[in-house]
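Chain by chain, the residues run as shown.
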Amino acid sequence: MSEVRIPGVDLHVHTTASDGTLTPKQVVALAKESGLAAIAITDHDTVAGLREALEAGDDQQLHVIPGVEISVNHGKNQLHLLGYYIDPHNDILLDCLEHLQMYRRERNPEIVEKLRDLGFEVSLEEVTALAGGEIVGRPHFASLLVNKGYVADKQQAFNLYLANGQPAYVPKERLTPAEGINIIKAAGGVAVLAHPGQLEELKDKTLLQQLINKLKQEGLQGIEAYYTEHAPETTELLLQIARAENLLVTGGSDFHGDNKPHISIGTGLGNLHIPFQVVENLAKAVVLTS
Ligand code: AMP
Ligand code: FE
Ligand code: FE
Ligand code: ZN
C-alpha cells in the first residue's frame, strides 16, 4: 500500500520583503507545488510582503496567514517573536515597524563604515540594491562580502565580522518582549516565541521554563516547538512546556530561499512535518481574543 502523506503547513517563511530570496508570489507558488496546506509569511520587521502573498494565496487557493517576526531585547542578546493573523493595516503595528526600520536606516551606514575601516570596499547603495526590499540587515551585508570574494561564505562573514562581538557589529535598538507581545496583540495577532531552541536558557530546563512562564505572564500565547534546527529532545521538551503552561504550539522551517539554501519550505532540513491542526488551534485563539 502506498503511503498517504497528509499535507503539512509551514508557519515560518521569509520573502524578499526581508531577507528571503523569493518574492511573496514565488513563495506561495513553491508552497503550493510542495503540497503544503498553509503557510505563514513572517518577514523580519515588515508587513510589506503580505498583500502580494495574500493575493497569491487567493489565486492559488492556499491558506496564507499574515504574520511578522520581530526581534526584541533579551539581556545582552535577543529573542524573536512571531505574530500570526495580524492586521497588516493596523496603525499601532505600522507605526512600530516604521520605528524599527528607522533604527535599521541609522545603523546600516554605521555597518558600512566599520566594514570600510576593515578595508572592504562596500557601499550602502550596493547593499541596498542587493537587499531589494525595504529591510536591509546583516544577512545582506554577509551576501555582499561573499559576492565580492572577501569571505568564503555567509557564515564566515558573521563569524569574522558581523556577529555580536565582532568588529563590524552594530547593535540595534529593540523593543522589550512585553512591548513586542503587546504590539502583535494590538494588531489582532497571536504572539508566539520563535525558535526557543536558540535561547541560551535551553541548557537549563528550569531557566527555560522560567523564561517562558515570564513571557506568558506578559501575554505570550504560543511557542514554536517544531523548528527544523531543534533536536528531537528539544522539540519534546518544548511540547512538554507548552502543555504545562497551556500555550499553543506552532512550527516552521524559517525558509529564506537561497539565503539558507539547505532549508526547504515545509520540510526544512527534511525532518519537519507540521500538522494542519496547528493552524486550526491558532485560528481558534484569534477568534477567542477578538
Ligand atoms: P539583523 O536583524 O540585521 O541584526 O540580522 C539578524 C539576522 O542575521 C538573523 O535573523 C540571522 O538570520 C542572521 N544572524 C545573526 N547572527 C548570526 C550568526 N552568528 N551567524 C549566522 N547568521 C546570523
Ligand atoms: Fe532572517
Ligand atoms: Fe528568527
Ligand atoms: Zn525567521
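Anything mentioned here points back to the structure above.
Residue positions within a chain follow its written sequence, with the count starting from 1. Chains and ligands are labelled by the order in which they are written, letters from A for the one and numbers from 1 for the other. Since the coordinates come from a predicted model, pLDDT governs what is reported: local features require at least 70, and pairs of side-chain atoms require 80 or more to be given and counted, while whole-chain, interface and lining totals use all residues. Calculated side-chain values reflect all of the structure's heavy atoms, with hydrogen atoms and water omitted.

**Student:** Run through the site of ligand 1, naming residues and quoting values.
**Tutor:** We define proximity as follows: a residue is near a molecule or strand when any one of its heavy atoms falls within 4 Å of that partner. Around ligand 1 sit His44, Arg104, Arg107, Gly137, Arg138, Pro139, Gln155, Phe158, Ala163 and Lys172, and those are all the residues in its vicinity. Pairs of N or O atoms are called polar contacts if they sit within 3.5 Å, as long as, within protein, a hydrogen donor faces a hydrogen acceptor (for residues adjacent in sequence, only side-chain-to-side-chain pairs). Taking Gln155, its side chain carries an N or O atom lying 3.1 Å from a nitrogen atom of ligand 1. Protein coverage of the free-state accessible area of ligand 1, which is 500 Å², stands at 75%. Helix and strand definitions follow DSSP, with helices as H or I runs of at least four residues and strands as E runs of at least two, each counted in order from the N terminus. Breaking the shell around ligand 1 down by element, the ones donating at least two residues are α3 (91-117), α5 (138-147) and α6 (154-162). Using a 1.4 Å probe, accessible areas were evaluated by the Shrake-Rupley method; residue-level cover was limited to the displayed protein chains.

**Student:** Talk me through the packing of aromatic side chains; I want residue IDs and the actual numbers.
**Tutor:** Paired rings are identified among Phe, Tyr and Trp, the last through its six-membered ring, by centres lying within 6.5 Å, and are further divided according to the angle between planes into stacked (under 30 degrees), edge-to-face (over 60) and tilted (the rest). Evaluated as defined, the whole model comprises two aromatic pairs. Centroid distance Phe120 to Tyr150: 4.6 Å. Interplanar angle 50 degrees. Geometry classified as tilted. Of this pair, Phe120 sits in the loop between α3 and α4 (124-131) while Tyr150 sits in the loop between α5 and α6, placing them 30 residues apart in sequence. Look at Phe120 and you get buried, because its relative accessible area is 9%. Relative accessibility thresholds used throughout: buried, under 20% of the residue-type maximum; exposed, over 50%; partly exposed, between the two (1.4 Å probe, protein chains only). A relative accessible area of 30% places Tyr150 in the partly exposed class. Between Phe120 and Tyr161, the ring centres sit 5.0 Å apart and the planes meet at 75 degrees, which makes this aromatic pair edge-to-face. Linking Phe120 in the loop between α3 and α4 with Tyr161 in helix α6, this pair joins segments that are 41 residues apart in sequence. Judged by its relative accessible area of 17%, Tyr161 falls in the buried class. Through successive ring pairs, a cluster of aromatic residues spans Phe120, Tyr150 and Tyr161.

**Student:** Pulling in residues and values, what's your account of the environment of Phe255?
**Tutor:** By the element assignment, Phe255 lies in the loop between β7 (248-252) and α10 (277-289). Once the C-alpha coordinates of Phe255 and His12 are considered, the two residues, 243 residues apart in sequence, prove to be 6.8 Å apart. Contacts between residues were defined by any pair of non-hydrogen atoms, one from each residue, lying within 4.5 Å. Discounting chain neighbours no more than four positions away, the residues touching Phe255 are His12, Val13, His14, Leu22, Val27, Leu30, Ile263, Ser264 and Ile265.

From the geometry alone we can't say anything about function, so treat these as descriptive.
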